[in-house]
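Coordinates in review
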Amino acid sequence: MKKLLMPLLMIAFVFSGFSANIFAEEYVTVDKANKVEIYYKEAGSGQPVVFVPGWTMTSRYFQRQLAHYADSKSIRFLVFDPRAHGRSTKTLEEVNYIQHAKDLKLFIEELGLKDVVIGGWSWGGITVYTYLSLFGTDNIKGVVTVDQTPRPLTAGEGSWTDGGADAVKGFFDGMVSDRKAIVTDFIPWMFTTSITDKENQWMLAETMMTPDIVATQLLYDGWMFDHGQTVRKTNIPQLYFVREENGVPAEAFLSKSSPNADIVVMGGHGMFYDHADAFNKALDVFFE
């Protein structure tokens, strides 16, 4: 049963000003044994679409999608903070993407959502791939991933990847020595248009809400997955957003592994934020 621990209303900030669009902020318990409560936001009504943010990221990044669907009668857009992220319960229990996938399933069940489209940004896409690997496509109508290869580690020259061993080592070392500094540099990298100092500050504050030990464990865990076979076995509608620099290898991989999937190449890693209009339009086309 849906559990509302903190029903609120929030005015969404859109671009540089305020928006009149209102969306709901709520909590739902997904792990009763460990009292894990998941914070989420939703807007609109109709077809349920559930998005999972990336590593240490939060639902706040999706404010421009929430605003876009605020008055929708066809799409109910939901996005949540994964366990130990953002405003969800901080826990050291089961800190891995298998548990995140289980949490996604429980989130859908607790809210009684039917025929759901599931989406994941960055390593939120690892959560989505893992969900499909564990639970298949029952009750899932479609899949959206935002700039996430199913195999983060390099699988040979020209592969669709998040990087090789050197990249893993460099980022991990930066995390250990000065997490705040490396994330401060990472945030602007995600966008192809400039963000303001104010935006950088709130984004940094959001990601730093994940405890260091959780961020480190998930950083290791995410690199270890290979969901190529999961993609090959998934036969429901799929939409892959890919940043421009990864367009060629992603299209080459998907042409073989998921030839009927829709692919949109645009912007950078966080294209849904700084290219929100084009991103939202592509979502609308896919949902239709």
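Above: the structure in question.
The following paragraphs examine the structure supplied in this document.

Here is what the cut-offs are and how they apply
- Residues numbered from 1 in each chain as written.
- Predicted model: local features only at pLDDT ≥ 70, side-chain atom pairs only at ≥ 80, totals over all residues.
- Heavy atoms only, no water.
- Helix = DSSP H or I, 4+ residues; strand = E, 2+ residues; numbered from the N terminus.
- Rg over C-alpha atoms; globule rule 2.2 N^0.38 Å.
- Buried < 20%, exposed > 50% of the residue type's maximum accessible area, 1.4 Å probe, protein only.
- Core = buried A, V, L, I, M, F, W, Y, C linked by side-chain atoms within 4.5 Å.
- Contact = heavy atoms within 4.5 Å.
- Salt bridge = Lys/Arg side-chain N within 4 Å of Asp/Glu carboxyl O.
- Phe/Tyr/Trp six-rings, centres within 6.5 Å; stacked < 30°, edge-to-face > 60°.

All right, on to the overall build of the protein chain then. Looking only at helices and strands, one finds ten helices and nine strands in the protein chain. At 18 Å, the protein chain has a C-alpha radius of gyration in line with the 19 Å of a compact globule built from 288 residues. Once the C-alpha set of the protein chain is aligned to its principal axes, its extents read approximately 50 × 45 × 40 Å. Residues classed as buried in the protein chain amount to 58% of the 288 residues present.

We now examine the nonpolar core. Judged by nonpolar contacts, the single largest core of 60 residues is most densely connected at Tyr 61 and Phe 241. The biggest single contributor to this core is helix H4 (residues 165-189), with six residues. Ignoring sequence-local partners within four residues, the contact set of Tyr 61 consists of Trp 121, Ile 187, Met 190, Trp 202, Met 203, Glu 206, Phe 272 and Tyr 273. Among the nonpolar cores identified, the runner-up in size contains 23 residues, and Phe 107, Leu 113, Val 116 and Leu 132 belong to it.

Turning to the environment of Val 168, a few remarks are in order. Inspection of the secondary structure puts Val 168 in helix H4. Sequence separation between Val 168 and Ile 118 is 50 residues, and the spatial gap between their C-alpha atoms is 27 Å. What Val 168 contacts, discounting residues up to four positions off in sequence, is Leu 153 and Trp 223.

Turning to the pattern of salt bridges, a few remarks are in order. A side chain of one charge can pair with a side chain of the opposite charge if their charged atoms are brought near each other. According to the stated counting rule, one finds 13 salt bridges in the structure shown. Ionic pairing is found between Asp 103 and Arg 83, a salt bridge with its closest N-O pair at 2.7 Å. Of this pair, Asp 103 sits in helix H2 (residues 97-110) while Arg 83 sits in the loop between strand E5 (75-80) and H2, and the two are 20 residues apart along the sequence. On the basis of relative accessibility, which here comes to 2%, the residue Asp 103 falls in the buried class. According to the relative accessible area criterion, Arg 83 is buried, its value standing at 2%. Across the pair Arg 179 and Asp 212 runs a salt bridge whose closest N-O atoms are separated by 2.7 Å. You can see Arg 179 sitting in helix H4 and its partner Asp 212 sitting in helix H6 (residues 212-223), a full 33 residues away along the chain.

A few words now on the environment of Met 209. Mapped onto the fold, Met 209 is located in the loop between helix H5 (197-207) and H6. Along the primary structure Met 209 and Lys 90 are separated by 119 residues, whereas in three dimensions their C-alpha atoms are 9.0 Å apart.

For the structure on display, the rule yields 26 aromatic pairs. Measuring from centroid to centroid gives 6.2 Å for Tyr 69 and Phe 287, while their planes differ by 55°, and the two rings are tilted. Of this pair, Tyr 69 sits in the loop between helix H1 (63-68) and E5 while Phe 287 is found in helix H10 (residues 276-287), placing the two residues 218 residues apart along the sequence. Pair check on accessibility: Tyr 69 and Phe 287 agree, each one buried.

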